[in-house]
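Summary of the model geometry
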Amino acid sequence: MPAEGSADGDGHGATDHRITLLGPQRDPVVDEVMRSLGLEGARVATITAGWRDRERDDTVLVEQLGGRCVNLGLWQRMQQIWDEDPQLEHADRQRRQVLTEMQELYLIGLQKAVEACTRIRGHHPRDARVHRMAVEDVLEIIRELDERHVQRVAEVNDEFFATHEPQHRDPVVRGRHEVGRLVGECEAVVIAGGHVGVLLGTLHMFNLAPVLATAVPDPREPGGVHARVDRPVLAWGAGAMAITERVVLFYDDSVVAPGVAEVLMDGLGLTRGLVALPSATDRLDIKDPDRMRTLTHRCQPRVALPLDPGDRVTLTADGRVPEGTRVFGPDGTATRYAAPVAVASTAGPSAGPSTTPGEEDA
Amino acid sequence: MSQQTAYPLPPRHKGKLAINALRARRLDEQVIDRFLAEREVPIVEGPKCTFLYRGQADGVAVRHRIVNQPQHVPMKRLEVPEGTTPLWYVTIELPAASRVEYQIEVRQGEAVETFNDPLNPHVAHSPVGSSSVCQAAGYQTPEWVTPQPDARPGELVALTVQSKALRRATHPRVYLPARFRRSSRYPLLVVHDGDDYLDYAAMRTVLDNLIHDLDIAETIVVFTNPGDRLREYPNSAPHARHLTTELLPALEEQLPLIRRSDARCLMGASFGAVASLSTAARNPGVWDNLFLQSGSFVFTDIGSDHGGGPAFDPVVTFMNRYRERPRRVAARMFITCGVYEPLIVPNRSMVPVFESTGARVQYVESRDGHSWENWRDRLRDGLSWIFPGPQKLVYE
């Protein structure tokens, strides 16, 4: 049976489906979560495209779902599209090369800015006000770098979709139709982790955002919209990141030098006002308050949501973090989330589910 | 930019050294037998490493190759009752995380014999034979150098390339990462002394593990081997021509490689590092990454007397000329060297020279010598810097 929303929703009644974000599933608890959501026995569409060529190594997941599931096979479908449409494959390869170079160059600037932030924070202030202003200034520069990067990534994607119009190419049209049909036959959707770039690429190519959710008016934000998922969605790891508004990459424990968290691109935008941080405790140096403060500041106005082993967060019906959830607060430490009192947007510039870049809902 | 090596804290040891405790005892054959059976040799106690040899001899010494240290360290004979097999010992202080290769030298009259330490099972192999290994306190063999059960193995494929430049056929071996797909595009790493890297630096296992752990990108690695190493490696035009105009086009024709200089890397140790550097220098814009281990970058500031023998003549000529007019040969260079090898001085000296060309240089030192296990232990740092893996993109 599909789950119905609980009473704390915003009044969408029978369509009050929720997104549930989970910690890493190395020791899987998907079966328990499905049961607790009243989804035992429900037919589930699974997305494991982040596993790339191991997409079909999903025996454990199938067992967890009691066998009543269909893997959408997005990665494999993507390979078929590349085989059938080499021109599109070539264009997409070029797009990815451009994005890779953009990411590299953005990172060079970002590393310098973050280094400057660390040095300024470490400065022993002679005047506290001057010191505070200097920290705020450099944080603003970092945020500007992030925003510009996301905007430019979106421009490259828009240009690709406008120029090559994958949505009008036969293999893509066929794939989207088939995927849409399969999802339509299911009562829930599960999106596993893996390679977030690959996962996002496939989700966009098959235009999953409008398949998974509908844009509805946001009562908290006059004139705004939010995504209302059409069926319950469970996601973890890269899957959790991909369905949020913004994907932030982070890995403080890299081999050569501590990494700098970097914005990859906007996600599908099915959630509002959160940045998903899977395996945060493992991947982030949470004992370094400066690094954590910088990270949470860069996430604002969204809230940094850790998804550690055992974590399970069912979002509100409008895709927001519920009160009392463990999050990273402005000072970088773990705290319980309290929604802002004022009626104001807690989300960034994007609102509602993002369609495939450069095209209308398919 | 040099990387500050994070060595473990200096090891400490409280109380008497084991050898001194033994000396204070009444000794006989059984006591010494038990003493040896209960301990790994050399005995590592904090920074003190006690080397031992048991047997009749007129003199015994430890021979190692730590630069700026006496490399012939005589052992003392422990006083034992007549009829008891003598025990020889010497204690050497080694900094934390050191790894030292050595042999035992035994003199009987005029006859001198050098061999691996019969009391120490740790042996390192190289093309010129094997040596015993002393692992000082704080040294740990990296876990990624031994096969990991969940790491999918890559494949090694033999290749033959007819070389006009070298006037011989070359037989590189090509490593294709697990899950290799022709529809993907891969960076290229060309390794000098390829078979030695495979045999003595466990490089196939290292690649399997590092790719599995997402530390390095899925990479096609070509293990090349020299014909006459001392002719082909020290700044040889035919060698550089072979790699760039024969091997590279053949590889690009047969394999799905990223056809960009920033997706190519030349790598080598010792003379192989010189071959990598000189090949990149002779072909600007082709090889944008270099991974140079213990490069034989010998040069002279005055005259040409370098003391390295005739094999080093072309190296010194090349390096002196390069130092006179440094130019950027690669965009990124990862350089490693052991602080116990004589080449530490030229390697340290070359770092600012390379940096002055605008290249991004990462320099790492280790408390180790001119050895394959030293080069093995630095592979993760170097390869993950040259071709970083997708760790930051993968969230399980």
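Residues numbered from 1 in each chain as written. Chains lettered and ligands numbered in written order. Predicted model: local features only at pLDDT ≥ 70, side-chain atom pairs only at ≥ 80, totals over all residues.

Here we come to unusual backbone geometry. Of note, the bond from Gln 300 of chain A into Pro 301 of chain A is cis; its omega dihedral lies within 30 degrees of zero at 10 degrees. Within the element layout of this structure, Pro 301 of chain A appears in the loop between helix H11 (289-299) and strand E12 (303-307). Look at Glu 165 of chain A: it is not a glycine, yet its phi comes out positive at around 40 degrees. Locating Glu 165 of chain A in the fold gives a position in the loop between helix H5 (128-164) and helix H6 (170-184). What makes Glu 165 of chain A partly exposed here is the crowd of 13 C-beta atoms within 10 Å. Of note, the phi angle at Ser 294 of chain B is positive, near 45 degrees, even though the residue is not glycine. Looking at the secondary structure, you find Ser 294 of chain B in the loop between strand E18 (289-293) and helix H8 (313-324). (Helix = DSSP H or I, 4+ residues; strand = E, 2+ residues; numbered from the N terminus. Buried ≥ 20, exposed ≤ 12 C-beta atoms within 10 Å, placed from the backbone.)

As a further point, take the domain arrangement of chain B. Residue and element names in this part refer to chain B. When its domains are assigned, chain B resolves into domain 1 (18-135) and domain 2 (143-393). Computed from C-alpha atoms alone, the centre-to-centre distance between domain 1 and domain 2 is 36 Å. Listed by partner, the interface residues are 13 residues for domain 1 and 13 residues for domain 2. Contributions of two or more residues to the side of domain 1 that touches domain 2 are made by strand E7 (99-108) and strand E9 (123-126). (Domains from an automatic or database assignment. Contact = placed C-beta atoms within 7 Å.)

Residues and elements named next belong to chain A. Close contact between helix H3 (residues 74-84) and H6 brings their axes to 9 Å; oriented N to C, the two are set at 160 degrees. By the criterion of interaxial angle, the relationship of H3 to H6 is roughly antiparallel. Judged by the twist between their axes, the crossing of H3 over H6 is right-handed. In this structure, H3 uses Arg 77, Gln 80, Ile 81 and Glu 84 to contact H6, whose residues at the interface are Pro 171, Val 172 and Gly 175. (Axes fitted to C-alpha atoms, helices over the stretch in contact; angles between N-to-C directions. Parallel < 35°, antiparallel > 145°, perpendicular 65-115°, else oblique. Left-handed = near helix turned anticlockwise from the far one by under 90°.)

The subject of this paragraph is the interface of chain B and chain A. Residue-level contacts link 15 residues of chain B with 21 residues of chain A. Top contributing element to the side of chain B that touches chain A by residue count: helix H11 (residues 379-386) of chain B, with four residues. Of the residues belonging to the side of chain B that touches chain A, the class tally is five nonpolar, three polar and seven charged. Of the strand pairs in this sheet, strand E5 (residues 194-195) of chain A and strand E21 (residues 394-395) of chain B are connected by two bridges, and their pairing is antiparallel. Paired with His 195 of chain A across the two strands is Val 394 of chain B, which belongs to E21 of chain B. (Nonpolar A, V, L, I, M, F, W, Y, C, P; charged D, E, K, R; others polar. Pairing = 2+ DSSP bridges.)

Attention shifts here to the sheet that holds strand E20 (residues 360-366) of chain B. Residues and elements named next belong to chain B. Taken together, eight strands build an open sheet; the order of strands is E11-E14-E16-E15-E17-E18-E19-E20 and the sheet is mixed. Bordering the open sheet on either side are strand E11 (155-158) and E20, each of which pairs with just one other strand. Averaged over all pairs of adjacent strands, the angle between strand axes in this sheet comes to 15 degrees, irrespective of strand direction. Where strand E15 (residues 188-191) meets strand E16 (residues 220-223), four bridges bridge the pair, whose relative direction is parallel. Bridge pairing in E16 places Val 191 opposite Phe 223. Sheet strands in contact with helix H7 (residues 271-282) are strand E17 (264-269) and E18, and its direction is about 150 degrees off that of E17.

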